[in-house]
Amino acid sequence: PSHQATYGATYWDWTHAFSGMWYNDNVIDSYMKLLYKRRDDKKATSKDPSLVVLNSKLYTALCARGYEAISDWVANVATNAADLVLMPVHLAGMKHWILVAINGAKMTVTLYCSLRIRHDGVLQTIRQFMIDDNHNKGFIAFRVDDWTFRQDMETPLQGNGEIITNRAWRCGGI
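All figures in this text were calculated on a predicted structure; none of them were measured in a lab.

Cut-offs and rules
Residues numbered from 1 in each chain as written. Predicted model: local features only at pLDDT ≥ 70, side-chain atom pairs only at ≥ 80, totals over all residues. Heavy atoms only, no water. Helix = DSSP H or I, 4+ residues; strand = E, 2+ residues; numbered from the N terminus. Polar contact = N/O pair within 3.5 Å; in protein donor to acceptor, adjacent residues only side chain to side chain. Contact = heavy atoms within 4.5 Å. Buried < 20%, exposed > 50% of the residue type's maximum accessible area, 1.4 Å probe, protein only. Pairing = 2+ DSSP bridges. Axes fitted to C-alpha atoms, helices over the stretch in contact; angles between N-to-C directions.

Once that is clear, we can look at the side chain of Asp152. The residue Asp152 is located in strand β5 (residues 148-152) in this model. Among the polar contacts made by the side chain of Asp152, one reaches the main-chain amide nitrogen of Glu154 at a distance of 2.7 Å. Sequence-distant contacts of Asp152, that is, excluding residues within four places in its chain, are made with Thr110, Leu111 and Tyr112.

What follows deals with unusual backbone geometry. Phi at Met107 is positive, roughly 55 degrees, even though this residue is not glycine. The exposure class assigned to Met107 is partly exposed, which follows from its relative accessible area of 31%. Phi is positive for Arg116, which is not a glycine, with a value near 55 degrees. Looking at the element boundaries, Arg116 is found in the loop between β4 (108-112) and α5 (120-136). Accessibility expressed as a relative area gives 34% for Arg116, which makes it partly exposed.

Pairing is mixed across the open sheet formed by five strands, whose spatial order is β1-β2-β3-β4-β5. Bordering the open sheet on either side are β1 (51-53) and β5, each of which pairs with just one other strand. When strand polarity is set aside, the average angle formed by the axes of neighbouring strands in this sheet is 20 degrees. Here β4 runs beside β5; their pairing, made up of five bridges, is parallel. Paired with Thr108 across the two strands is Thr148, which belongs to β5. Against the sheet, α5 contacts β2 (84-91), β3 (96-103), β4 and β5, and its axis sits at roughly 150 degrees relative to β5.

In structure tokens, the structure reads:
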């Protein structure tokens, strides 16, 4: 799979999303791609912030199989240099989506969760991902200690606040 999110949501995917049941990876990838396309449609110039949207399966694959398994997915992405890298993260145990934003200009990684639950482990995984990614690409000068890793605890809360019948949270954060 490519590192870029792709359009691939089916009628079934959207039916479940709009019925309030859940957002699956196809819906999330389609939304990320729309964000990217919106920037392109505005005829972005070199003065506009650079934007990279990552595939929704990247974080899961990173956790399950390690950096080597996803290194091809990010081979052409400068995670430390892009103005904004958006990484959707599916927390399978919670059936919940969160968003990680990597801001190269500000040297910050910010995690957004619409349940405001702490996800320090995710931030640690992203920290190690950035170390591995920059090492793999030969960026010797990259110093992860110069970066700030934080969770935004003022992310708007999901409106439902309850578990729905299929035991999945409605994900409003992304």
